[in-house]
Structure formats: C-alpha cells, structure tokens
Amino acid sequence: MVVLVTGANGQLGQAIQSISGNFPAIDFVFCISSELNITDKTNCESIFQKFKPNFCINTAAYTAVDKAETESEKAYAINVIGAQNLAAVCKIHDTILLHVSTDFVFDGLANQPYLEEDIPNPTGVYGVTKLQGEQAIESTWNKHFIIRTSWVYSQFANNFMKTMLRLASERDSLSVVSDQIGSPTNAVDLAECLLTIISTQHLSPNTQHPFGIYNFSNEGQCSWYEFAAEIFKQHQLSVNVNPIPSSAYPTPAKRPAYSVLDKSKIKTVFGINISNWQEQIKK
C-alpha cells in the first residue's frame, strides 16, 4: 500500500514521518513542496504517475492566518487550487484523498461543539479558502475524507507551544488571550488518526466507512491563556501569565471565539480513542 504525503516538511508532515515506522504495511512517499507543488497540476500528475499511490494525505496548506488577509491570492492558490488539483489527480488514479481542514471554517458564534453538518461561516481569508478547498474536493472526487482539526501543536515546525516556550525563556511575564475557546491538538495524535483511517479503510475496503467530513482534535477545551498556563506547568516553568481579552491583542484576521469540534462521528465510524489535551502535552 502506497501513501503519498504532501507538505512533508510542515508540522503535520513531520509528525506523520515520526510515526511512519509504526505502520510497516505502508510504503510512504513524503514530498516537500519543492518536489510536489500542489498548485501545479502537471507536477501533481507526474508524481502520481510515478508512485501510483493508493492514498494521498494532503497536509500542504497556507496557514498564516493573518498574512492571508493581504496574501489572499497565494492562500487561494494553495488552499483551493491545490486541493482541487489533488482531487482531480486522485480521481484519475482512483486514489483515496485525506485532506486536512480547520475549525476556522466556522465563525465561532456557537455555544456547543460544532458538528460536521453545521453550516460553515468563515470570517477571514484563511477560513474562506479552507472552506473553498473542501468544496472543491467535494465537487471533484467522491473518495475523500476531510478532517477538520484545531489548535495543532507539536515538537515540529512553528506552533503555539513552541512560541510560548521560546517567550518563557526570554521574559518573566506574558499576556495571553483568554476569551477564545478551543481544543488543542497534538499533531502526532492527528497523524495517528489519519493513518488509522487509512489502515482501517485498506483492511476493510468493503466495510461501509462513509467518505466525507470528520472532526478530530484532542478532548476537552480551554482558552489560549489556559493552554499556555498548562504548558508552563508541565514544563515546570515559572512564568507569570496574564489573561487578556481579544480586544487587547488585535490581529488582522478575526479568530473564532468558540471553535470546539464534536468528535462523535470519527469515534463511532473508525473506533478512534481520543486523549485529553492536558495528557497529550506530556506526550
């Protein structure tokens, strides 16, 4: 079984590489953006023709939420055209596509965890392009799993945890937003989820695992302030963390105030056990 992974040098791509040895039945092909530029359909076609993957995991994305407000064309090229190109090439090769999306497709006005069926309403360019990418896949190729996730962090690449640890080494006091609520997701857990879906689908191709959208994050919820405080607690760092409202830390792109995702569907369909976010910081 051949699994092609795009965006291999990103946070999730590196997380998948870190556990790939646990899946000996899979022949992984990891492609960085210079090898596979998903915005170039001809490039995509040549890579698929060479490796003939059974599955493709698309971790390539434009994720600079604030920069997207002024780089909308670049965000659109990667998040929409790139997703559509992969879906089109997957259709030609009968490759099952796993595409990673985001909680930013919602406006954050809900007061209970979002279901896959809830109507999206993104508020910024990043969220809009990620939603358009989902829609491009849905209209191009039916054999797809779109996995929406949130607040991804790990030991790889740039993320909130690594930023907090860096700032903690530079100063004694930090102010962190306390009125945005979500669920942190360990990138390695997300990687394991994706590979579990692939393994389950490959071993039981005739079993009904409905294609479509699924939510995945670690269990529980917190604010960015609580997330930071827990990071420092578990690293035994003495840092004074001050809670502040979003209004005190204005950003070009508006963040969802509440973006907790309901994971009932993925747990039921694929039997995936999901750990609490505090436990996974230790991991």
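This is a predicted model, so every value here is computed, not measured.

Parameters at a glance
- Residues numbered from 1 in each chain as written.
- Predicted model: local features only at pLDDT ≥ 70, side-chain atom pairs only at ≥ 80, totals over all residues.
- Heavy atoms only, no water.
- Helix = DSSP H or I, 4+ residues; strand = E, 2+ residues; numbered from the N terminus.
- Rg over C-alpha atoms; globule rule 2.2 N^0.38 Å.
- Buried < 20%, exposed > 50% of the residue type's maximum accessible area, 1.4 Å probe, protein only.
- Contact = heavy atoms within 4.5 Å.
- Pairing = 2+ DSSP bridges.
- Axes fitted to C-alpha atoms, helices over the stretch in contact; angles between N-to-C directions.
- Expected span 1.5 Å × (residues − 1).
- Bend = angle between axes of the 7 residues up to and from the residue.
- Salt bridge = Lys/Arg side-chain N within 4 Å of Asp/Glu carboxyl O.
- Polar contact = N/O pair within 3.5 Å; in protein donor to acceptor, adjacent residues only side chain to side chain.
- Disulfide = S-S within 2.5 Å.

Caption draft 1: Spatial organisation of the overall build of the chain. What the chain contains, in helices and strands, is nine helices and twelve strands. The C-alpha atoms of the chain give 19 Å as radius of gyration, which agrees with the globular expectation for 283 residues (19 Å, within 12%). C-alpha atoms of the chain, sized along the principal axes, occupy 55 × 40 × 35 Å. The buried share among the 283 residues of the chain stands at 52%. The long-range fraction of contacts in the chain, counting pairs at least 24 apart against all pairs at least 6 apart in sequence, stands at 84%.

Caption draft 2: Structural context of the sheet that holds strand β4 (residues 96-102). Pairing is parallel across the open sheet formed by six strands, whose spatial order is β2-β1-β3-β4-β5-β10. Strands at the two margins of the open sheet, each flanked by one partner only, are β2 (27-30) and β10 (212-215). In this sheet, adjacent strand axes meet at a mean angle of 20° when their direction is disregarded. Here four bridges tie strand β1 (residues 2-6) to strand β3 (residues 55-58), and the two strands are oriented parallel to one another. Each bridged residue has a counterpart across the sheet, and for L4 the counterpart in β3 is C56. Sheet strands touched by helix α1 (residues 11-19): β1, β2, β3 and β4. Its angle to β2, the strand with the most contacts, is close to 150°.

Caption draft 3: Focus on helix α3 (residues 72-93). Given a rise of 1.5 Å per residue, 22 residues ought to cover 32 Å, and the 31 Å separating the end C-alpha atoms of α3 matches this to within 8%. At I81, α3 shows its largest kink, close to 30°. If you check which residues of α3 are buried, you get A75, N79, V80, G82, A83, N85, L86, A87, A88, V89 and C90. Of the surrounding elements, those touching the buried residues of α3 are β1, α2 (41-51), β3, β4 and α4 (125-140). Of the residues one or two after α3, D94 is the one with positive phi, at around 55°.

Caption draft 4: The environment of R171, seen in detail. Secondary-structure assignment places R171 in the loop between α5 (160-168) and β7 (173-177). Given the relative accessible area of 43%, R171 is considered partly exposed. Taking the C-alpha atoms as reference, R171 lies 9.3 Å from N240; in sequence the two are 69 residues apart.

Caption draft 5: Molecular detail of the pattern of salt bridges. In the structure shown here, the tally under the stated rule is eight salt bridges. Close ionic contact of R255 with D66 constitutes a salt bridge, the shortest N to O distance being 2.6 Å. Separated by 189 residues along the polypeptide, R255 in the loop between β12 (240-244) and α8 (264-270) and D66 in the loop between β3 and α3 bring together distant segments of the chain. A relative accessible area of 24% places R255 in the partly exposed class. Its salt-bridge partner being K143, residue D94 comes within 2.9 Å of it at the nearest N-O pair. Here the residue D94 occupies a position in the loop between α3 and β4, and K143 occupies one in the loop between α4 and β5 (144-149), the gap between them amounting to 49 residues. Residue classification places D94 among the partly exposed positions, given a relative accessible area of 45%.

Caption draft 6: Fine view of the side chain of D189. Mapped onto the fold, D189 is located in helix α6 (residues 187-203). A polar contact is formed between the side chain of D189 and the side chain of K283, at a distance of 2.8 Å. Those residues in contact with D189 that sit more than four places away from it in its chain are F216, N218, S275, Q280 and K283.

Caption draft 7: Expanded view of the environment of T207. Take T207: it is sitting in the loop between α6 and β10. Since its relative accessible area comes to 42%, T207 is described here as partly exposed. Along the primary structure T207 and T123 are separated by 84 residues, whereas in three dimensions their C-alpha atoms are 38 Å apart.

Caption draft 8: Local environment of the state of the cysteines. By the definition in use, this model includes zero disulfides. The thiol of C31 is unpaired, and the distance to the nearest cysteine sulfur, on C56, comes to 8.7 Å. Residue C56 stays outside any disulfide, its sulfur separated by 4.7 Å from that of C90, the closest cysteine.

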